[in-house]
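Architecture and fold: a report
The primary structure of each chain is shown beneath.
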Amino acid sequence: QVQPVESGGGLVQTGDSLRLSCVFSRDIYNTYAQAWFRQAPGKEREFVAHISWGGSMTYYADSVTGRVTISGDNAKRTLYLRLDSLKHEGGTAYYCALGSLAGQNCADSAGYDSWGKGTQVTVTS
């Protein structure tokens, strides 16, 4: 099973930008769909962004459209999530996920089989 490992989180200020990374243990770019989810304290995990296998299509949650960019570097076996114009939030954990979707909507966590342990982003006002 492929094990994703996230990094890049940290403490930033409102309006700052941040790039999260997710490294996979092997090449998966043309095999699995990939996505980022996030979970704020006391809230359910929610979809952020998706990129199709091969990287030809991307899809974003309405709440982040225009402020988030998902991309991948197959040579580095790495998935990225760039966060711009960050808004004040507590310790939100961002998770990388990959899977075959198996007919699930790309925003549905049930379509993803492998999950990282998360990287935390805290945005101060």
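Please read these numbers as outputs of a predicted model, since none were measured by experiment. (Residues numbered from 1 in each chain as written. Predicted model: local features only at pLDDT ≥ 70, side-chain atom pairs only at ≥ 80, totals over all residues. Heavy atoms only, no water.)

Before going further, it helps to examine the nonpolar core. In this structure, Trp36 and Leu81 are the most contacted members of the largest nonpolar core, which totals 33 residues. Only β3 (18-23), β4 (33-39), β5 (46-51), β7 (68-73), β8 (78-83), β9 (89-99) and β11 (119-124) provide two or more residues apiece to this core. (Core = buried A, V, L, I, M, F, W, Y, C linked by side-chain atoms within 4.5 Å. Buried < 20%, exposed > 50% of the residue type's maximum accessible area, 1.4 Å probe, protein only. Helix = DSSP H or I, 4+ residues; strand = E, 2+ residues; numbered from the N terminus.)

Next up on the list: the packing of aromatic side chains. A full pass over the atoms with the stated rule returns 5 aromatic pairs. Relative to Phe47, the ring of Phe37 has its centre 5.6 Å away and its plane inclined at 75°; by these criteria the two rings are edge-to-face. Here Phe47 lies in strand β5 and Phe37 lies in strand β4, a separation of 10 residues in the sequence. With relative accessibility at 2%, the residue Phe37 sits in the buried group. (Phe/Tyr/Trp six-rings, centres within 6.5 Å; stacked < 30°, edge-to-face > 60°.)

For a regular strand, the rule is simple: side chains alternate between the two faces of the sheet. In β11, alternate side chains face the same way, and those of Thr119, Val121 and Val123 are buried while those of Gln120, Thr122 and Thr124 on the opposite face are not. Sheet topology note: the strand β2 (residues 10-13)/β11 ladder contains 4 bridges and is parallel. In the strand pairing of β11, Gly10 is matched with Val121. As paired elements, β9 and β11 share 4 bridges and run antiparallel to each other. The residue of β11 that forms the bridge with Glu89 is Val123. (Pairing = 2+ DSSP bridges.)

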